[in-house]
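Coordinate analysis (summary)
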Amino acid sequence: MITKPMYGFLLLFFFLFTFNNQNISYAQEPPSISGYKCNPNQFNPCQTYVFFRAKGPEFLDLASIGDLFSVSRLMIANPSNISNPNTTLVNNQPLFVPISCSCNTVNATFGSISYAGLNYTFKPGDTMYGISTSKFGNLTTYQSVEAINPTVVPENIDIGQSIKFPIFCKCPNSTTQPRLLVSYVIQPSENISSIASRFETTPQAIRGINGNNTKPLDTLFIPLTNLPNLPQNTSNTPPPPPPPTSLPPIVQENDRKGTIIGLAIALGLCGALLILFVGLFYKERKVKKEKYSDVERQKSQYLGSKKGSFDKDVEVNLMADVSECLDKYKMYKIEQLWEATDGFDEGCLIQGSVYKGTIDGEKFAIKKMKWNAREELKILQKVNHGNLVKLEGFCIDPKEANCYLVYEYVENGSLHSWLHGDKPEKLSWVTRLRIATDVANGLLYIHEHTRPRVVHKDIKSSNILLDANMRAKVANFGLAKSGCNAITMHIVGTQGYIAPEYLTDGIVSTKMDVFSFGVVLLELVSGKEAIDDEGKVLWAKVGEFSEGSEERKVRKLQEWMDESFLREELTMESVVNVMSVAISCVNKDPSRRPGMVEIVYALSKSIDLFSDVSEEGLSPRQVTAR
């Protein structure tokens, strides 16, 4: 016989079950899998942002998130309202991460979709599905990953293999739209009104861009004029539990027994049904993911049971890949590198995955790589120039399938740290001229004196290192390509430095290095970052210096250039000459950009102009920076 208490608990149970079941069904609706359509002929590439939630244990620092999105810590910290880029984050801490958005033709089924292509290197246990949903937080889908990587077999992705993940994004297609469209993944517990409130916009503005058929796990594009200030958590300590509520007194013993029996039956039924539905849910999920996880699970079992054999196989394969380099470079043991870097301690970290280490009393820069270094080694074998960082040796660690490249240590760090860091001393104009000429000579060498020609593909101020005499060396050939005038779908590089033709069409040529070098020249003249906190690229402003009279151009340049020059005696003629080189380098038409031979000549002329002034003093007719 069902007593009144039992009847009440059963009614409560079935109500809760029905409610929860509806929520589960809603939360598991599949996200948009086809991407977001665009027309390449009517699409202007843009710099924008994604809203990313930090999550442990892997992504609780800006360095790991920066590596995931191929950006620096500062590029995330500044727009995310984080004062210390080395701070430890908390779970679900909100971040704005900058990306470069463009329209790309995928195939006949998908058509053209807008995305930022990010390369990801697979680790043990990774799957397309897991990376898309967990690591990138549903900012992409594994179906889209498959579509833009048609030659990749999802069930047969090797550890260390790098493939492109399309991060969904959108650019304003008219001047009437807001300046920014931030990519935001709708969470199951959210609605358009709560999201609009979070970003200080209106539901109507969001629906105007995205339509009315949005659902959880879709990527929503938030229209913004400026990025809002994100409130940042200081602790991930959970709030204290609410105080227990007092129960009404139970007067009759029979009612107490009935309540206990009813609760026991309700909990029993709830537990049984919960087990049933959880089992069905995970069975369905297992079938859906089976083809993506079987291979990885087998690899994990293999690693656990036959680790020694695997280590040996990996070592043999890696050694075969780099066999042609064995006679040219020194082979280090992993124990030497471990000791040199105190176990790859964070205190030895220079930037990214490069560590400072001391071996036999000599300092080196040790680059840790999660993939085979064969391509980089092949290119480094071909180059030998005083303005390129020298490779001293390498190491293979078969246990982790890692490769390590050991470079000469360049004492004064990167040009980026001198221009944009907290260095107390500012670089003088003549030092900047020499740095520019050194970099140009290094690029001239790889463009003109290697066969086939080498394209660096990642020229930027953080990849230019300064030695004890403040002379420049080009570093990091990790993205370099031997041979040019090719077309690739794998767009890699750093925002603010990427040539337009490479970003939109994937054209690889020496002229893309020329473009990036032009951006570095603009940094040297202005002291400004290649991309600012609002996502505006530095090279887009050069049109201002081509308008009006010569006097107006000089005045605009004086207002724009690094204010530290005001304390120097220098001629504007030298600065104008370098600026004209920079403007020609960042021309949107690659055929109108100069070659490195012309650039080296023009920069040498700028040094001569400065030297003449230094030796003879300022002429009364010369316009100065003071």
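Residues numbered from 1 in each chain as written. Predicted model: local features only at pLDDT ≥ 70, side-chain atom pairs only at ≥ 80, totals over all residues. Heavy atoms only, no water.

**What about the overall build of the protein chain?**
Counted only if it meets this: We count a stretch as a helix when DSSP gives it H or I for four or more residues in a row; a strand needs E for two or more, and each element gets its number in order from the N terminus. Burial here depends on accessible area, computed with a 1.4 Å probe over protein chains only, as a share of the maximum for the residue type. Under 20% is buried, over 50% is exposed, and the range in between is partly exposed. Where accessible areas are quoted, they stem from the Shrake-Rupley method and a 1.4 Å probe; at the residue level, only the protein chains shown are allowed to cover.
A tally of helices and strands in the protein chain yields 18 helices and 18 strands. Scored against the burial criterion, the 626 residues of the protein chain give a buried share of 46%. Summed over all atoms, the accessible surface of the protein chain reaches about 31900 Å², with 53% contributed by carbon and sulfur.

**Structural notes on helix α13 (residues 429-448)**
The cut-off we apply is this: What a helix is expected to span follows from its residue count: subtract one and scale by 1.5 Å.
Here α13 spans 28 Å end to end across 20 residues, near enough to the 28 Å set by a 1.5 Å rise per residue. Of all 20 residues in α13, 16 are buried, a share of seventy percent or more.

**As for the state of the cysteines**
What counts, and what does not: Any two cysteine sulfur atoms within 2.5 Å of one another count as a disulfide.
All chains considered together, the criterion is met by three disulfides. A disulfide bridge connects C38 with C103, and the sulfur atoms are separated by 2.0 Å. Between C38 and C103 the disulfide shows an S-S torsion of about 95 degrees. By sign, it is right-handed. Of the two residues, C38 sits in the loop between α1 (4-27) and β1 (46-53) while C103 sits in strand β2 (residues 94-107), which places them 65 residues apart along the sequence. For C103, a relative accessible area of 9% gives the class buried. Paired by a disulfide, C46 and C171 hold their sulfur atoms 2.0 Å apart. The chirality of the disulfide connecting C46 with C171 is left-handed, given an S-S dihedral of about -85 degrees.

**Side note on the packing of aromatic side chains**
Threshold: Centres within 6.5 Å are what make two rings of Phe, Tyr or Trp a pair, Trp counting through its six-membered ring; a difference in plane orientation under 30 degrees is then read as stacked, over 60 as edge-to-face, and the rest as tilted.
Under the defined criterion, the tally for this structure stands at 23 aromatic pairs. Judged by centre distance (6.0 Å) and plane angle (80 degrees), the rings of F51 and F96 are edge-to-face. In this pair, F51 sits in strand β1 while F96 sits in strand β2, placing the two residues 45 residues apart along the sequence. Here the two residues F51 and F96 agree in accessibility, since each one is buried. The rings of F52, F59, F69, Y120, F122, F136 and F165 are connected pair by pair, giving a single aromatic cluster.

**Some points on the environment of V97**
Applied cut-off: Contact criterion: two residues are considered in contact whenever any of their non-hydrogen atoms come within 4.5 Å of each other.
Position of V97 among the secondary structure elements: in strand β2. For V97, a relative accessible area of 0% gives the class buried. Considered as a pair, V97 and V50 are 47 residues apart in the sequence and their alpha carbons are 5.3 Å apart. When residues no more than four places from it in sequence are discounted, the contact partners of V97 are T48, Y49, V50, F52, I65, F69, V71 and I76.

**Points about a nonpolar patch on the surface**
We apply this condition: A patch is a set of surface residues, each over 30% in relative accessible area and not in a salt bridge, joined within 9 Å for like charges and within 5 Å for the nonpolar side chains Val, Leu, Ile, Met, Phe, Trp and Tyr. Definition used for salt bridges: Asp or Glu carboxyl oxygen within 4 Å of a side-chain nitrogen of Lys or Arg.
Together, L276, F277 and L280 make up an exposed nonpolar region whose accessible area comes to about 270 Å². On the accessibility criterion, L276 (46% relative accessible area) is partly exposed.

**Some remarks on the sheet that holds strand β12 (residues 402-408)**
Worth spelling out the cut-off: Two strands pair if DSSP finds at least two bridges between them. The angle between two axes is taken between their N-to-C directions and runs from 0 to 180 degrees, where each axis is a line fitted to C-alpha atoms and a helix contributes only its stretch in contact.
Taken together, the six strands give an open sheet; going across it, the order is β7-β11-β12-β10-β9-β8, and neighbouring strands pair in mixed fashion. Every other strand in the sheet has two partners, leaving β7 (330-331) and β8 (349-351) as the edge strands with one partner each. Two strands pair when backbone bridges link them, and β7 and strand β11 (residues 391-397) are joined in this way by two bridges, in the parallel orientation. In the strand pairing of β11, K330 is matched with G393. Sheet strands touched by helix α11 (residues 374-382): β10 (362-369), β11 and β12. Its angle to β12, the strand with the most contacts, is close to 25 degrees.

**Some points on the confidence of the model for the protein chain**
How we decide: The quantity called pLDDT is the predictor's confidence in a given residue, expressed from 0 to 100.
For the protein chain, per-residue confidence averages 79 on the pLDDT scale, and 76% of positions sit at 70 or higher. Low pLDDT, under 50, characterises residues 1-31; the stretch is placed with 34 contacts to residues that sit more than four places away or in other chains. Note on residues 291-311: pLDDT under 50 across the span, and 23 contacts to partners over four residues away in sequence or across chains.

**Regarding the packing of helix α15 (residues 510-526) against helix α17 (residues 572-585)**
Keep this limit in mind: The hand of a helix crossing depends on one turn: near helix anticlockwise from the far one by less than a right angle means left-handed, and clockwise means right-handed. Each residue is assigned to one of three groups, with Ala, Val, Leu, Ile, Met, Phe, Trp, Tyr, Cys and Pro labelled nonpolar, Asp, Glu, Lys and Arg labelled charged, and all others, Gly among them, labelled polar.
Relative orientation of the contacting elements α15 and α17 amounts to 150 degrees, with a least axis distance of 8 Å. Where α15 crosses over α17, the handedness of that crossing is left-handed. Note on element contacts: α17 touches α15 through V575, V578, M579, V581, A582 and C585, opposite V514, F515, F517, G518, L521, L522 and V525. Of the residues that constitute the contact of α15 with α17, the class distribution is 12 nonpolar, one polar and no charged.

**Overview of the side chain of D458**
Note that D458 resides in the loop between β13 (454-455) and β14 (464-466). With relative accessibility at 8%, the residue D458 sits in the buried group. For D458, the contacting residues outside a window of four places in its chain are N463, N476, L479, G493 and T494.

**Considering helix α7 (residues 203-210)**
Definition in use: The directions considered for the arc are those from the helix axis to the C-beta atoms.
Within α7, the full set of buried residues consists of P203, I206, I209 and N210. Relative to the axis of α7, the buried residues are bounded by an arc of 130 degrees and lie together on one face. Those residues of α7 that are exposed and aimed more than 90 degrees away from the buried face are Q204 and G208.

**Brief notes about the packing of helix α16 (residues 550-560) against α17**
The packing of two helices is summarised by the inter-axis angle and the distance between the axes. Worth spelling out the cut-off: Our angle categories are set so that under 35 degrees counts as roughly parallel, over 145 as roughly antiparallel, 65 to 115 as roughly perpendicular, and the remainder as oblique.
It is at 11 Å that the axes of α16 and α17 come closest, and there the two elements cross at 90 degrees. Relative to α17, the element α16 is oriented roughly perpendicular. Here V554, L557, Q558 and W560 of α16 lie close against α17, whose contacting residues are M572, V575, V576 and M579. Of the residues that constitute the contact of α16 with α17, the class distribution is seven nonpolar, one polar and no charged.

**A look at a negative patch on the surface**
Here is the rule: Only four residue types enter the charge count, namely Lys and Arg as positive and Asp and Glu as negative; His and the chain termini do not. One atom stands in for each charge, and that atom is NZ of Lys, CZ of Arg, CG of Asp or CD of Glu.
Side chains of E339, D342, D345 and E346 sit close together on the surface and give a patch of like negative charge. With respect to the helices, strands and loops of the structure, E339 is situated in helix α10 (residues 334-340).

**Observations concerning the pairing of strand β4 (residues 162-168)**
Both faces of the sheet carry side chains from a regular strand, because those side chains alternate between them. Most of β4 is tucked away, with six of its seven residues classed as buried. Note that strand β3 (residues 111-121) and β4 share seven bridges and pair antiparallel. Paired with Y120 across the bridge in β4 is I163.

**Focus: the pattern of salt bridges**
Here the structure, examined in full by the defined rule, presents 15 salt bridges. Among the salt bridges present, the one from D218 reaches K215, with a minimum N-O distance of 3.6 Å. The shortest N-O distance in the salt bridge between E550 and K553 comes to 3.3 Å. Taken together, the positions of E550 and K553, both in helix α16 and three residues apart, correspond to about one turn of that helix. The class of E550 is exposed, set by a relative accessible area of 56%. Owing to a relative accessible area of 21%, K553 belongs among the partly exposed residues under this scheme. Shared partners join several salt bridges into a network, and the residues in it are E58, K123, D126 and K135.

**Here's the deal with the side chain of N149**
Keep this limit in mind: A 3.5 Å cut-off defines polar contacts: any pair of N or O atoms within that distance qualifies, except that in protein one atom must be a possible hydrogen donor and the other a possible acceptor, and neighbouring residues in sequence count only when both atoms are side-chain atoms.
Secondary-structure assignment places N149 in the loop between α5 (142-148) and β4. A polar atom in the side chain of N149 sits 2.8 Å from the backbone oxygen of V145. The residues touching N149, leaving out its near neighbours within four places in the chain, are I163, K164 and H490.

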